[in-house]
Amino acid sequence: MRKVIYSMFVSLDGFIAGPNKELDWHIIDEELHRFVNDQERAIGTYLYGRRMYEVMSYWQTVDTNPSSPAHVIEYARIWQSIPKIVFSKTLKQVGPNAKLVEDNIAEEIAKLKEQPGKDMALGGAGIALTFMRLGLIDEYGLYVHPVIVGDGTPMFPSLDDKINLRLMEARTFSSGVVLLRYQPDRKEAK
Amino acid sequence: MRNLFAFNMVTLDGFFEGPNHDISWHNVDDEFNQFAIEQTSTVGAILFGRATYEGMASYWPTPAAQSDDPIVANLMNTLPKVVFSRTLQKAEWNNTRLIKDNVAEEILKMKQEPGNDLAVFGSANLLSSLMQMNLVDEHRVLVNPVLIGSGTPLFRSIKQRVNLKLVKARTFKSGNVLLYYQPDKK
């Protein structure tokens, strides 16, 4: 069964964007970029909320810039090649290699999980809330950045219930970013 | 000059306590207890805010603490302690000094004194003040493998960006990850 992975760049205080949506605290050096590129190759589908899709659409055109470094162009090509599903009730249309889904997220994801293929990557805090409430997330990845941002968009929404996790991996990058990967500990769930 | 470090347990969603001061999610085992003994053994004095002080002062001197955790209890009860509070009338836990004012001055003075490191455990409000006064030399954040959904964020009162430098990361068998950071002064 294909997994849904919710993976984000996050500050030590848990924000995925600053108070004005700023991302200028991201440390995306070549080491991390190449690592992320390798992770993305194992992804078969991107699952986005509207806002995250709009942010990520940047990658639709970046490889046309000849001054971009090789690892950046590589990421753009990987991103473009992966089919996307955008969950939104307000968007009217989406770009290349993307499909718009308005409703029935649980049903849609259950169907996708049954299909053969690579894992699915979920992006965006709003959509993650829906997925967490529906119990659809199979893996969490936090690229914890060495910075306290103070305010902004939290990676994790307010939840009514506790979710116990099992640590799969903690990996340190030379920039000071630490990747923490977890699975829900379902046997302990109440 | 001795260093001041802050040690905190947090959930993966960044809370140091749940609603109603809930810390039942603390993920502790023998390996953690061993770490706590080693860490506390390097401490010269512990600094508290009022709320954390009251919680700890009502636990460590009890027979329950003595039977569950005798080594740490003994360290906590005998180490010099300072509680910073304008509202507390007296501090009766053994070897505790109550300081009402001039926090920065008092801490700078303590830093100049010889001895082991100064430690802040919990005490999120005090920690925020100390960070704003650039008095914290190291943050040790123990990330527990759990999402609790709501509570009090550890860095709640920090509104300005603080750049840090990762010193090291340690993984515990229980799934806890301990992250060591220093302020990035460049």
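Figured I'd write up the structure that's included with this text. (Residues numbered from 1 in each chain as written. Chains lettered and ligands numbered in written order. Predicted model: local features only at pLDDT ≥ 70, side-chain atom pairs only at ≥ 80, totals over all residues. Heavy atoms only, no water.)

Looking at the environment of B:Pro145
For clarity, the cut-off: Strands here mean DSSP runs of E at least two residues long; helices mean DSSP runs of H or I at least four residues long; both are numbered from the N terminus. Accessibility here uses a 1.4 Å probe with only protein chains present; expressed as a share of the type maximum, an area under 20% marks a residue as buried, one over 50% as exposed, and anything in between as partly exposed. A contact between two residues is defined here by any heavy atoms of the two lying within 4.5 Å.
Structurally, B:Pro145 is set in the loop between strand E7 (138-144) and strand E8 (146-147). Residue B:Pro145 is classed as buried on the basis of its relative accessible area, which comes to 8%. Between the alpha carbons of B:Pro145 and B:Asn27 there is a distance of 8.0 Å; along the sequence they are 118 residues apart. Contacts of B:Pro145, omitting those with residues within four sequence positions, involve A:Asn164, A:Leu165, A:Tyr182, B:Asn27, B:Ser174, B:Gly175 and B:Asn176.

Brief notes about the interface of chain B and chain A
Stated precisely, the cut-off is as follows: Buried area: the accessible area, evaluated with a 1.4 Å probe, that two parts lose upon being put together, summed over both parts. Salt bridge, as applied in this entry: a Lys or Arg side-chain nitrogen positioned within 4 Å of an Asp or Glu carboxyl oxygen.
In this complex, chain B contributes 27 residues to the contact, which on the side of chain A involves 30 residues. By the criterion of area lost to chain A, the three top residues of chain B are B:Leu12, B:Leu147 and B:Arg161, representing 28% of everything that side buries. In this assembly, chain B and chain A are joined by one salt bridge. A:Asp24 is the partner of B:Arg161 in a salt bridge, and the nearest nitrogen-oxygen pair spans 2.8 Å.

Quick notes on the sheet that holds strand E1 (residues 4-11) of chain B
Short version of the rule: Any two strands with at least two DSSP-identified bridges between them are counted as paired.
Spatially, the nine strands line up as an open sheet ordered E8(A)-E10(B)-E11(B)-E7(B)-E1(B)-E6(B)-E3(B)-E4(B)-E5(B), and their pairing is mixed. The sheet terminates laterally at strand E8 (147-148) of chain A together with strand E5 (96-99) of chain B, the two strands that pair on one side only. Relative to E5(B), strand E4 (residues 81-84) of chain B is paired through four bridges, and the arrangement is parallel. Looking at the pairing, B:Val82 lines up with B:Arg97 of E5(B).

A look at the packing of aromatic side chains
Counted only if it meets this: Stacked, tilted and edge-to-face are the three classes applied to pairs of Phe, Tyr and Trp rings, where Trp contributes its six-membered ring and a pair requires centres within 6.5 Å; stacked means planes under 30 degrees apart, edge-to-face means over 60, and tilted covers the rest. Any Lys NZ or Arg CZ found within 6 Å of a ring centre and within 35 degrees of that ring's normal is scored as a charge over the ring.
Tallied over the entire structure, the rule returns 19 aromatic pairs over all chains. Taking 5.4 Å as the distance between ring centres and 25° as the angle between the ring planes, the aromatic pair formed by A:Tyr46 and A:Tyr48 counts as stacked. Like A:Tyr48, A:Tyr46 is buried. Every member of this aromatic cluster is reached through a ring pair, and the members are B:Phe7, B:Phe32, B:Phe35, B:Phe121 and B:Phe172. Over the aromatic face of A:Trp79 sits the side chain of A:Lys84, whose NZ or CZ is 4.1 Å from the ring centroid.

Some words on the packing of helix H1 (residues 30-41) of chain A against helix H3 (residues 70-81) of chain A
Residues and elements named next belong to chain A. What counts is decided by this rule: Lines fitted to the C-alpha atoms define the axes, with helices restricted to the stretch that makes contact. Angles between their N-to-C directions range from 0 to 180 degrees. Throughout this description, any angle smaller than 35 degrees is read as roughly parallel, any larger than 145 degrees as roughly antiparallel, any in the 65 to 115 degree range as roughly perpendicular, and the remainder as oblique. By convention, the crossing between two helices is left-handed when the near helix turns anticlockwise from the far helix through less than a right angle, and right-handed when the turn is clockwise.
At a minimum axis separation of 10 Å, H1 and H3 run at an interaxial angle of 20°. In terms of axis orientation, H1 runs roughly parallel to H3. For the pair H1 and H3, the sense of crossing is left-handed. In this structure, H1 uses Glu30, His33, Arg34, Val36, Asn37, Glu40 and Arg41 to contact H3, whose residues at the interface are His71, Val72, Glu74, Tyr75 and Ile78.

Here we look at the environment of B:Tyr181
All names here are of chain B. Relative to the helices and strands, Tyr181 resides in strand E11 (residues 177-183). The exposure class assigned to Tyr181 is buried, which follows from its relative accessible area of 0%. Taking the C-alpha atoms as reference, Tyr181 lies 10.0 Å from Ala6; in sequence the two are 175 residues apart.

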